[in-house]
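Chain residues, written in single-letter form:
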Amino acid sequence: MNYDFQKIEKKWQEYWAKNETFKAQNNSEKPKYYTLSMFPYPSGAGLHVGHPLGYIAGDIYARYKRHKGFNVLHPMGYDSFGLPAEQYAIQTGQHPAITTETNINRYREQLDRIGFSFDWSREVRTSNPEYYKWTQWIFIQLFNSWYDVGADKAKPISELVAVFEKEGNETVNAVCDEDVSSFTAAEWKALDKAAQERILLKYRLTYLADAEVNWCPALGTVLANDEIVNGVSERGGHEVVRKKMTQWMMRITAYAQRLLDGLDKIDWPQPLKDSQTNWIGRSEGASVTFKVKDYEANIEVFTTRPDTIFGVSFMTLAPEHPLVAEITTPDQKAEIEAYVEATAKRSERDRMADVKTISGAFTGAYAEHPFTKEPIPIWIGDYVLASYGTGAVMAVPCGDQRDYDFAKHFNIAIPNIFDGVDISEEAFADKANTVIANSDFLNGLSYKEATQKAIAELEAIGQGKGKINYRLRDAVFSRQRYWGEPFPVYYDANGLPQMIAEEYLPIALPEVEKYLPTETGEPPLGNATTWAWDTANARVVANDAIDGKTIFALELNTMPGWAGSSQYFNRYMDPRNTETIYGKEAVDYWKEVDLYIGGSEHATGHLLYARFWQKFLFDRGFVPVDEFAKKLINQGMITGTSAFVYKDEESNTIYSKNLVGDKKVNPIHADVSLVNASDELDVEGFKSWRPEFKDAEFILEEGAYIVGREVEKMSKSKYNVVNPDAICEEYGADSLRLYEMFLGPLEQSKPWNTAGITGVHGFLKKLWKLYTPFMEGEVAEVAPSKENLKTLHKTIKKVEEDIENFSFNTSVSTFMICVNELTAQKCQSKEILSPLAVLVSPYAPHIAEELWQVLGNTTSIAEAAFPVFEEKYLVESSKEYPISFNGKLRFKLELPLDMSKEEIEKVVMEHDRTQDYLQGRTPKKVIVVPGKIVNIVG
RNA sequence: GCUCGGAUGGUGGAAUUGGUAGACACGUUGGACUUAAAAUCCAAUGACCAUUGCGGUCGUGCGGGUUCAAGUCCCGCUCCGAGUACCA
């Protein structure tokens, strides 16, 4: 009987679906285990072999945990809002929902073929109204919350209002906008409703603000910082400019410290934690207030080096700093204005690309040094960023290279305040070796001592205090796009945002004629004609009904891509709940994701925002834990192995790789499916694939055309994409699963080369062969031999260790060794073959199910317990000792393991070969490590 | 520039606390089976030298060091990859 993988795989995929084998229950006697793979954006291109890598690893772990007696939750869904479907809609007029549906169906087919143990009954799609209802719901909760710094948690806004009514805002310590002024209870009560609303907006965890945003004209939307790579949009690589717009913002900065602290509690890869740490960018220092001379204004700066305060010789403001226009003297006005205008014109990208050119302008104004009272010239320069700290720095040229360069360029004094340091060539920024000089009360102190002293003195004169600053900014939450979650928001007669009551959610995405911005520059939802909120009847009505009394305009922006993905892992716990976001029982039972697998590219996007929302939901009592994923693993990328043919530049001749020599040739990508395992090209296939080369002359070597190979990113344009369907067709899903694991360590990036798959496919055939006696009829009960048991238990031990360590590649090798050994032993014992099938089943579930059935079982192997390793089968009585001389292995000697050190030395020294090597010399030393090695020195 | 990874045969990669480097596969070569091919099976396969057999020298990016013993530990470099970037 042949190994008919097509038939077997289809059979068991149908069985699992029909019997709902992997459906998870929200309560069980068993311990719970929640393993999750990051859900995909269903793109039009479908899956290539790189995509399922993490899913396969997660699936192996899920199946393993099931065998180990856990109640396993292993769901899958789709992050189905996003730009590509919308771009396609703009080009073709096709509704993104239709494109998305088609793509999802294609994904589902591809996923089903690979034999995943997903609980599809829990599938979520972020673009489904039943799902985004709850994304909108969370937005409302954020709107109705503020951050209490004292309690270090988010609280309902109603509690804040209660405080305002009782004692005003003086006692309130909240994370809020910087421009809140203080008021008493009486003053608060005297305000009208709209004025109160305006104040509350400054406290809410999501709020409207006029923000400098990254505007991408080509995409017609703003982008978050993490959506910009190298100054251009991550998607499409379009130009990004700065623009001021009213946007919904998320007060993630309230959580900066907790997001940082939480990293210590979770088992995530260090590089990922590092990039979150850098992104949050905590720095300790002081805020210092400088008075502007002859002017009623102060300049606040943040510095990490308050110890160098006596080294300040100028100040630099960002060109966008609000004080610039005010303090500039008439003489300098023209110059400053020209400079401000010039920098505004430069795109962020230009400014970044060109960090070497030093530019700036003098405002004509002076600040006053807090201690010496000396005048300090105030400059502006684009090396100071408006978005970091206060947008102003106290420049200490002797201690900071940027300040140093600026000072040199503009001929500003560079006072030296370091003891015994030469600063004629460059600034001195070494904190550890700092000794302060020429600094009044700080003289002779180290960095640490001087910092403390300086802060204390600044506090004493009321011009500064210790401060912790974060690089993390509040996140822009509005997108000027169609295909995203609509906000559950309308704008009342005062133009103030109002939340729609929870009971009327979801607010469904309206239909539009065109997916482009409107002629007046409004977002695509501006094209909707039925997009107004009727407060009296609580429903969406036509725009022409807007009367400013009971019917109002709805929000035109939509939410960003990360909104839906910041809560899906919780929703899987209770995905069909229509009453609440998830039942308390469900979320108390599953608590958090035990194992999360996904790409490292989400380090500062999805994974940071999701942690933020989780902490918020925790504060407000909606979830029981404040970190959503205990352990996280990044799967590496699978790269493609591109193939090249070499066409002569002059003629229509194409040379085989090793005949190119010094000839001038153009490498041309050949489709990898036209190349065999020996790098030989199917020339006829190539000619019909690229008809422009049908008359080309192919110069072969030894009768074949050999292509060049190069590892590149897997992409359509490089013709190196390998489709998992094709692999399933030719070798089967079990081979695909095994091979993806066999390629190398999960976390590492590695090239795909289809040629190697014959190895694992051959292994499955050999495995199948071991069981063939049971397919052909009755097999007499055979007791396992000692070798059989040793092979089996060795395998159990290794495979179990490997799975626990996520070292899936080595367990595939272990299976191969096991099957090779059992084949050599002619093993026919059910006591060996039964547990072996279970061991293999997480990796190659289809064949395992089939073999399990062949052995006479009538239930799914998924229910079988994982075999238990027993040490006793591995106990050896002897060991083949390597005998080395001066660390070099010379021969091996089989000796009993219970032999003492002395006895071993005696036997080895008396051995003929030892005497041969020593040639009469007496060794200086003999190292004997029982059970390991013997080394003779001398 | 900074931070974090990594470098082992022709290829992907093994090697637990320092203890037999190259497991397991791919590829290659030779052989068996076959009219032939495919499939399957067997053998060899780090490099170099020797070969009648035994064997020997070198070898984990480079240069040092610790040790009886180093892919593994320490110091100094080179190259490659990822992230980040005027963060005061």
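Residues numbered from 1 in each chain as written. Chains lettered and ligands numbered in written order. Predicted model: local features only at pLDDT ≥ 70, side-chain atom pairs only at ≥ 80, totals over all residues. Heavy atoms only, no water.

The next subject is the sheet that holds strand β21 (residues 532-534). Backbone-to-backbone hydrogen bonds pair the strands of a sheet. The strands run either parallel or antiparallel. Spatially, 5 strands are ordered β20-β19-β23-β21-β22 in an open sheet, and the strand pairing comes out antiparallel. Taken across any chain shown, the strands that pair with only one partner, and hence form the sheet edges, are β20 (497-499) and β22 (539-541). If you compare each strand with its neighbour and ignore which way they point, the axes differ by 45° on average. Two strands pair when backbone bridges link them, and strand β19 (residues 489-491) and β20 are joined in this way by 3 bridges, in the antiparallel orientation. Its bridge partner being in β20, Val 489 is matched across the sheet by Met 499. (Pairing = 2+ DSSP bridges. Helix = DSSP H or I, 4+ residues; strand = E, 2+ residues; numbered from the N terminus. Axes fitted to C-alpha atoms, helices over the stretch in contact; angles between N-to-C directions.)

Put simply, Leu 505 and Pro 506 share a cis peptide bond, and its omega is 0°. One non-glycine residue, Asp 294, lies in positive phi territory at about 55°. Relative to the helices and strands, Asp 294 resides in the loop between β11 (282-292) and β12 (298-303). Look at Asp 294 and you get exposed, because its relative accessible area is 80%. Phi angles above zero are rare outside glycine, and Asn 411 is one such case at about 60°. The residue Asn 411 is located in the loop between α14 (401-410) and α15 (447-460) in this model. Of the residues examined, Asn 411 reaches a relative accessible area of 74% and is grouped as exposed. (Buried < 20%, exposed > 50% of the residue type's maximum accessible area, 1.4 Å probe, protein only.)

The strand order across the open sheet formed by 3 strands is β4-β3-β5, and the pairing between neighbours is antiparallel. The strands lining the two open edges of the sheet, one partner per strand, are β4 (153-156) and β5 (174-175). Across 4 bridges, the pairing between strand β3 (residues 145-148) and β4 is antiparallel. Bridge pairing in β4 links Asp 148 to Lys 153. With respect to the sheet, helix α6 (residues 157-167) is in contact with β3 and β4, its orientation differing from that of β4 by roughly 75°. (Contact = heavy atoms within 4.5 Å.)

Moving on to empty space enclosed by the protein. Inspection of the entire model under this criterion finds 1 cavity of 30 Å³ or more. Roughly 40 Å³ of volume is contained in the largest cavity. Around the largest cavity, the lining residues are Phe 22, Arg 63, Arg 66, His 67, Ser 841, Glu 849, Ile 861 and Ala 862. Ranked by residue count, the leading element in the lining of the largest cavity is helix α2 (residues 52-67), at 3 residues. For the lining of the largest cavity, the two domains that each supply at least three residues are domain 1 (19-138 + 568-634) and domain 5 (734-743 + 752-873). (1 Å grid on protein atoms, 1.4 Å probe; cavity = no way out; pocket = protein on both sides within 12 Å on 5 of 7 lines; lining within 4 Å. Points joined across faces, edges and corners; volume = space filled by probe spheres on them. Domains from an automatic or database assignment.)

For RNA strand B, the set of nearby residues contains 49 residues, the closest of which are Thr 304, Tyr 388, Arg 402, Ser 678 and Leu 743. Expressed as a percentage, the sugar and phosphate content of the atoms of RNA strand B within 4 Å of the protein is 64%. Separating a sugar or linking oxygen of RNA strand B from a backbone N or O atom of Thr 304 is a distance of 2.4 Å. Looking at the surface near RNA strand B element by element, the count peaks at 6 residues for helix α25 (residues 808-824). Residue composition of the surface near RNA strand B, grouped by class: 20 nonpolar, 14 polar and 15 charged. (Near = heavy atom within 4 Å. Polar contact = N/O pair within 3.5 Å; in protein donor to acceptor, adjacent residues only side chain to side chain. Nonpolar A, V, L, I, M, F, W, Y, C, P; charged D, E, K, R; others polar.)

Another aspect to go through is the domain arrangement of chain A. Entries for chain A in the domain assignment read domain 1 (19-138 + 568-634), domain 2 (156-251 + 475-554), domain 3 (288-463), domain 4 (639-712), domain 5 (734-743 + 752-873) and domain 6 (876-937). Each of domain 1 and domain 5 has a C-alpha centre, and the two are 31 Å apart. Of the residues lining the interface, 21 residues belong to domain 1; the matching set on domain 5 comes to 22 residues. With both sides pooled, the region where domain 1 packs onto domain 5 buries about 2,000 Å², and carbon together with sulfur makes up 69% of that total. It is Ile 60, Tyr 64 and His 67 that lose the most area in domain 1 upon contact with domain 5, and together they represent 36% of the buried surface on that side. Linking domain 1 with domain 5 are 2 salt bridges. Arg 737 is the salt-bridge partner of Asp 59, the closest N and O atoms lying 2.8 Å from each other. Here domain 1 and domain 5 share 9 residue pairs in polar contact (both at pLDDT 80 or more) between them. Those elements that place two or more of their residues in the side of domain 1 that touches domain 5 are α2 and β25 (629-634). Looking at which element gives the most residues to the side of domain 1 that touches domain 5, the answer is α2, with 11 residues. (Buried area = accessible area lost by both parts, 1.4 Å probe. Salt bridge = Lys/Arg side-chain N within 4 Å of Asp/Glu carboxyl O.)

Any two side chains of opposite charge can pair, so long as their charged atoms come close to each other. Evaluated as defined, the whole model comprises 42 salt bridges. Between Glu 101 and Arg 125 there is a salt bridge, and its shortest N-O distance comes to 3.5 Å. Taken together, the residues Glu 101 in helix α4 (residues 96-114) and Arg 125 in the loop between α4 and α5 (129-143) connect sequence positions 24 residues apart.

On to the environment of Gly 444. With respect to the secondary-structure elements, Gly 444 resides in the loop between α14 and α15. Given the relative accessible area of 51%, Gly 444 is considered exposed. It is 49 Å that separates the C-alpha atoms of Gly 444 and Val 240, two residues lying 204 residues apart in sequence. Discounting chain neighbours no more than four positions away, the residues touching Gly 444 are Val 435 and Ile 436.

What follows deals with helix α8 (residues 193-201). Along α8, the positions that sit buried rather than exposed are Ala 194, Gln 196, Glu 197, Ile 199, Leu 200 and Leu 201. Those residues of α8 that are buried are in contact with α5, α6, α7 (185-190), β6 (206-216) and β20.

Moving on: the nonpolar core. Generally speaking, nonpolar side chains in soluble globular proteins are found buried as a group. Core analysis: the biggest nonpolar cluster contains 209 residues, and Phe 477, Tyr 568, Tyr 596, Leu 681, Tyr 771 and Phe 808 have the highest contact counts within it. Top contributing element to this core by residue count: helix α23 (residues 757-775), with 10 residues. Not counting residues up to four positions away in its chain, the partners in contact with Tyr 568 are Leu 36, Ser 37, Met 38, Phe 39, Val 124, Tyr 131, Tyr 596 and His 606. (Core = buried A, V, L, I, M, F, W, Y, C linked by side-chain atoms within 4.5 Å.)

Let's shift gears to the packing of helix α22 (residues 733-742) against α23. Packing of α22 against α23 leaves a shortest axis separation of 9 Å and a crossing angle of 125°. In terms of orientation, α22 and α23 fall into the oblique class. Pair α22 / α23 crosses with right-handed handedness. Contacts between α22 and α23 involve Asp 734, Ser 735, Leu 736, Leu 738, Tyr 739 and Phe 742 on the former and, on the latter, Ile 757, Val 760, His 761, Phe 763 and Leu 764. (Parallel < 35°, antiparallel > 145°, perpendicular 65-115°, else oblique. Left-handed = near helix turned anticlockwise from the far one by under 90°.)

A separate point is the side chain of Asp 119. Position of Asp 119 relative to the elements: it lies in the loop between α4 and α5. Within the local environment of Asp 119, its side chain forms a polar contact with the backbone nitrogen of Ala 24, the two atoms lying 3.0 Å apart. In terms of polar contacts, Asp 119 uses its side chain to reach the side chain of Ser 121, at 2.6 Å. Those residues within four positions of Asp 119 in sequence are excluded, and the remaining contacts are Phe 22, Lys 23, Ala 24, His 74 and Pro 75.

Structurally, Val 396 is set in the loop between β16 (392-395) and α14. Residue class for Val 396 comes out buried when judged on its relative accessible area of 5%.

Another point: the packing of aromatic side chains. Under the criterion given, the structure shown has 67 aromatic pairs. Ring geometry for Trp 268 and Phe 628: centres 6.2 Å apart, planes at 80°, overall edge-to-face. Of the two residues, Trp 268 is situated in the loop between α9 (256-262) and α10 (270-280) and Phe 628 in the loop between α19 (606-619) and β25; the sequence distance between them amounts to 360 residues. Summarising the burial analysis for this pair, Trp 268 and Phe 628 share the class buried. Geometrically, the ring pair formed by Phe 815 and Tyr 843 is edge-to-face, given 5.1 Å between the ring centres and 80° between the ring planes. (Phe/Tyr/Trp six-rings, centres within 6.5 Å; stacked < 30°, edge-to-face > 60°.)

A word on the layout of surface pockets. For the second largest pocket, the calculated volume is near 420 Å³. Forming the walls of the second largest pocket are 23 residues, and the residues nearest its centre are Val 672, Ser 673, Val 675, Thr 754 and Ala 755. Listing elements by their share of the lining of the second largest pocket, those giving two or more residues are β26 (638-648) and α21 (724-730). Per element, the largest residue contribution to the lining of the second largest pocket is 3 residues, and it comes from α21. For the lining of the second largest pocket, the class distribution of residues is 11 nonpolar, 9 polar and 3 charged.

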